[in-house]
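Structural overview for review
As a plain string of letters, each chain reads:
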Amino acid sequence: MLHDEIDRKKGYAAAVLFSALVGFSFLGIKICQQYTDGLNILCYRYDFAMLAVLLLMAAGKVKPAELRRKPKGKLLLTAAFYVGFMAFQVAGLFYATSVEGSIIFAVVPIMVKIIASLFLKERTSWAGNAFICMTVASLIFMIVMGASGIEVDPLGTALLLIASVMMAMSNIFMRYTRNDYRPIEITTAIVILGFVVFNAAAIVRAAVTGTGVAGYFEPLLIPQVAISAAYLGIGCILLSAHLMSYMLSRMEAAKGTIFGNLSTAISIVAGVAVLGEPLMWYHVVCTAAIVAGVIGMSLSGEPRDRHGKEKG
């Protein structure tokens, strides 16, 4: 029991750190967007993450030999869902607004809750379900209140919905494969696959448009882009994927995923603190409600039967 309690506390510590890292990622993205496009930003992120993986391999922290002895199917599927989420997210935001995207991604914890109950047989108490709905509703309310207008693009909406499902499935598979792979192995697979996919896409685009390599490397010569991309790659892909995999190995999928909504709230609050964006009453109220919902969900136990025993 003591060991389980320590593992649970480590999982929540990882979740809080994950929320903070991802919450501040929008600052790096906004800086990079001033100088280059979405595909290049994705490439730079995975370039830095791949460099970090190679350094970890050189230091002996990541051992490819151990991975070779394990089945690859579920690992590749987990990584594919994660990389697919990022690809469809970028494609969707090309057509849809960031407000629309934020609202769609806010409901991911509900998707995970439904899929986890069917696929992993995980059950959540009525209180846990209420706290999930509370965080989702609070985040959507804050996003809508802060939007000057919400435009719906059918193609963008479809792409963002696919991205949301892939994000949910990635979290489910991180939980599902927790006994087969170490968190660092899942993270390494995500980084390698993303590095290959997005750089291949950049090469194809360069060949089609005839832009060559100059358009790829020039933005990286700008210090702000290089520093931001390094944070986005090492902090918000390598480390955040590792933290997500780690915490999902120690807590239910719905509980782990709900911290994604906390990171979105942190992003909005960080915009106020760092970029000087206006602080409105609904920022304070909704952020407090989201934090309360995350804490409540974390403390809520499994559903119990009439004898007081946990179900499932």
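Right, let's walk through the structure included here. (Residues numbered from 1 in each chain as written. Predicted model: local features only at pLDDT ≥ 70, side-chain atom pairs only at ≥ 80, totals over all residues. Heavy atoms only, no water.)

1. Side note on the overall build of the protein
Scanning the protein from terminus to terminus reveals 15 helices and zero strands. Relative to the globule expectation of 20 Å for 312 residues, the C-alpha radius of gyration of the protein, 20 Å, shows essentially globular dimensions. A burial count over the protein gives 47% of its 312 residues as buried. Excluding contacts between residues fewer than 6 apart, the proportion of contacts in the protein whose partners are at least 24 apart in sequence is 89%. (Helix = DSSP H or I, 4+ residues; strand = E, 2+ residues; numbered from the N terminus. Rg over C-alpha atoms; globule rule 2.2 N^0.38 Å. Buried < 20%, exposed > 50% of the residue type's maximum accessible area, 1.4 Å probe, protein only. Contact = heavy atoms within 4.5 Å.)

2. Quick word on the nonpolar core
Counting residues in hydrophobic clusters, the biggest one holds 74 residues, and the most contacted among them are Tyr46, Met86, Ile190, Phe198, Met247 and Phe259. Ignoring any residue separated from it by four or fewer positions in sequence, one finds isoleucine 190 in contact with Tyr46, Ala79, Tyr82, Val83, Met174 and Ala241. (Core = buried A, V, L, I, M, F, W, Y, C linked by side-chain atoms within 4.5 Å.)

3. Some details on the packing of helix H10 (residues 183–209) against helix H12 (residues 223–248)
The geometry of H10 relative to H12 is characterised by a closest axis approach of 8 Å and an angle of 140° between their N-to-C directions. Taken together, the axes of H10 and H12 are oblique relative to one another. As H10 packs across H12, the resulting crossing turns out to be right-handed. Of the residues in H12, those touching H10 at Pro183, Ile184, Ile186, Thr187, Ile190 and Val191 are Ile237, Leu238, Ala241, His242, Ser245 and Tyr246. Of the residues that constitute the contact of H10 with H12, the class distribution is nine nonpolar, three polar and no charged. (Axes fitted to C-alpha atoms, helices over the stretch in contact; angles between N-to-C directions. Parallel < 35°, antiparallel > 145°, perpendicular 65-115°, else oblique. Left-handed = near helix turned anticlockwise from the far one by under 90°. Nonpolar A, V, L, I, M, F, W, Y, C, P; charged D, E, K, R; others polar.)

4. So, helix H8 (residues 126–146)
Here H8 is 21 residues long and its end C-alpha atoms lie 30 Å apart, about the 30 Å a rise of 1.5 Å per residue gives. Those residues of H8 that sit buried are Gly128, Ile132, Thr135, Val136, Ser138, Leu139, Met142 and Ile143. The arc that holds every buried residue of H8, seen down its axis, measures 160°, which confines them to one face. (Expected span 1.5 Å × (residues − 1). Arc of directions from axis to C-beta.)

5. Observations regarding the environment of methionine 86
Relative to the elements of secondary structure, methionine 86 occurs in helix H5 (residues 73–95). Sequence separation between methionine 86 and methionine 167 is 81 residues; the distance between their C-alpha atoms is 8.3 Å. Apart from the residues within four sequence positions on either side, methionine 86 is in contact with Leu42, Arg45, Tyr46, Phe198 and Ile237.

6. Describing a nonpolar patch on the surface
Taken together, the side chains of Phe141, Met145, Leu279, Met280, Trp281, Val284 and Val285 define a hydrophobic patch exposed on the protein surface, amounting to about 670 Å² of accessible area. Every element with two or more residues in the nonpolar patch is listed here: H8 and helix H15 (281–299). In terms of residue count, the dominant contributor to the nonpolar patch is H15 (three residues). Within the secondary structure, methionine 145 is located in helix H8. Methionine 145 gets classed as partly exposed once you look at its relative accessible area, which sits at 36%. (Patch = residues over 30% accessible without salt bridge, like charges linked within 9 Å, V, L, I, M, F, W, Y side chains within 5 Å. Areas by Shrake-Rupley, 256 points an atom, 1.4 Å probe, with all protein chains shown as cover. Salt bridge = Lys/Arg side-chain N within 4 Å of Asp/Glu carboxyl O.)

7. What about the side chain of serine 245?
Along the chain, serine 245 falls in helix H12. Filtering out sequence-adjacent residues up to four positions away, serine 245 remains in contact with Met174, Pro183 and Ile186.

8. Comments concerning the packing of aromatic side chains
Working definition: an aromatic ring pair is given by the centre-to-centre distance plus the angle between the planes. All told, the structure shown has eleven aromatic pairs when counted by the stated rule. Both rings, one in phenylalanine 81 and one in phenylalanine 173, keep their centres 5.5 Å apart while their planes meet at 40°; by these two values the pair is tilted. A residue pair is termed long-range when its members are at least 10 positions apart, and phenylalanine 81 in helix H5 and phenylalanine 173 in helix H9 (residues 154–176) qualify at 92 residues. Accessibility classification places phenylalanine 81 together with phenylalanine 173 in one group, the buried group. For the ring pair tyrosine 82 and phenylalanine 85, a centre distance of 6.3 Å and an interplane angle of 80° mean the geometry is edge-to-face. Here phenylalanine 85 and tyrosine 82 lie together in helix H5, a separation of three residues that amounts to about one turn. What makes tyrosine 82 buried here is its relative accessible area of 12%. (Phe/Tyr/Trp six-rings, centres within 6.5 Å; stacked < 30°, edge-to-face > 60°.)

9. Some thoughts on the pattern of salt bridges
Opposite charge on two side chains allows them to pair when their charged atoms are near. Summed over all chains, the structure comprises six salt bridges. Measuring nitrogen to oxygen at the nearest pair gives 3.7 Å for the salt bridge that ties arginine 182 to glutamate 185. Using a relative accessible area of 35% as the deciding quantity, one classes arginine 182 as partly exposed. With a relative accessible area of 4%, glutamate 185 lands in the buried category. Through salt bridges with shared partners, a single ionic network connects Lys70, Arg182 and Glu185.

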